[in-house]
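# Tertiary structure, described
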Amino acid sequence: MVKQNEALLQTKATTIHSLYDAYAGMLMGYIFEIVKDKTLAEEYLVKAFSSVNKQFNEINWSDNKWCLLQRIAKNELTEFYKALKDCDPPVTAINTNSPNKYHDRMTDEQKHIFCNFYYNKRTSAELSQELNKPEKLIRAQLKEAFAVIKTSHDN
Amino acid sequence: MTIKEYIESGILEAYVLGSASEEEAMQLLELKTQHPEIRDALYELETDLERIAQSMSIPPPPGALTKIEQNINDLVNIPETKPQLNDGYDHESGNQYIAVESESTHMRVHKVWKLIFAAVFILSKIFLIASIYFYLENRQAQQQIQDLKTELKQYHHSH
């Protein structure tokens, strides 16, 4: 029993290590775009990986690992999003100013919708209310934004 | 809604970004197992997302991994708690001796003692006040007797 537990812990540690090797940089970049502070980004990075360890048995490992990590990081950032909303005036969108080949090719609205989904964990219902546009259209714009990403990558 | 329309609706994009509702996510996962088109579209979107993240990747600070490991170890190494049985038996060594003289400096008494102690305390105060009162009363009486005695002496002398 003890040996089995040790083996499980070993697998857990190895998985977390390999996840870190593959995705820590990406996650750090992603969190940094949201919090705009390296120390804070590191703090959230640590929290996200600790959360992976905590939820290890509940995680569906057949999902894409990056999307999984991103979702966990977004959950960890919930308090941060709340704090942004409580700001005066409330910050509802995190627009990235860093040069980005994907964002440059999007229209302003596509960029706004994409960034709100990507960085802010906002839903199409919320955005449809904010932009006064039907939810269908918001999702269609999101889809177009993805198409832009695809073409910019293919180029 | 056909599968093509479903894919075109943008729900897959919302799902990969974690913004689809729970109901939508459940439906999507079910459809994914039935329709390879959905699985492929989802795979492509996930790859796109990885590419975006890769293009914005920042090397994490060198100490981050150690911090994570420390955090995880703190979570793993929570000491096992053993129930503390304080009933006088030595459970550890398996001996069934009763500790006659307990190491504890505390003792447990019945709650009724609280009332008794309070009553004793109040009574002691009453006795204290009463004794002071009677002492003063007595001193005054002695004084009066002394005065009367002197008066009496003076009276005898004058007659």
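Here the structure is shown first, and the text comes after it.
Bear in mind the structure is a predicted one, so any value in this text is a computation, not a measurement.

### Thoughts on the overall build of chain A
Each helix and strand counted, chain A has eight helices and zero strands in total. For chain A, buried positions account for 33% of its 155 residues. Put simply, of all contacts in chain A between residues at least 6 apart along the chain, 61% involve residues at least 24 apart.

### Regarding the interface of chain B and chain A
Counting from both sides, the interface comprises 33 residues of chain B and, opposite them, 40 residues of chain A. Counting residues per element, the side of chain B that touches chain A draws most heavily on helix H4 (residues 36–55) of chain B, which supplies 10 residues. For the side of chain B that touches chain A, a count of residues per class yields 19 nonpolar, eight polar and six charged.

### Some thoughts on the packing of helix H6 (residues 108–118) of chain A against helix H8 (residues 135–154) of chain A
Residues and elements named next belong to chain A. Closest axis-to-axis distance for the H6/H8 pair is 9 Å, and the angle between their directions is 95°. Comparing their axes, H8 and H6 come out roughly perpendicular. Counting all contacts with H6, which are made through Glu109, Gln110, Ile113, Phe114 and Phe117, the residues of H8 involved are Ile138, Gln141, Leu142, Glu144, Ala145 and Val148. Of the residues belonging to the contact of H6 with H8, the class tally is seven nonpolar, two polar and two charged.

Reading the values: rules and limits
- Residues numbered from 1 in each chain as written.
- Chains lettered and ligands numbered in written order.
- Predicted model: local features only at pLDDT ≥ 70, side-chain atom pairs only at ≥ 80, totals over all residues.
- Helix = DSSP H or I, 4+ residues; strand = E, 2+ residues; numbered from the N terminus.
- Buried ≥ 20, exposed ≤ 12 C-beta atoms within 10 Å, placed from the backbone.
- Contact = placed C-beta atoms within 7 Å.
- Nonpolar A, V, L, I, M, F, W, Y, C, P; charged D, E, K, R; others polar.
- Axes fitted to C-alpha atoms, helices over the stretch in contact; angles between N-to-C directions.
- Parallel < 35°, antiparallel > 145°, perpendicular 65-115°, else oblique.

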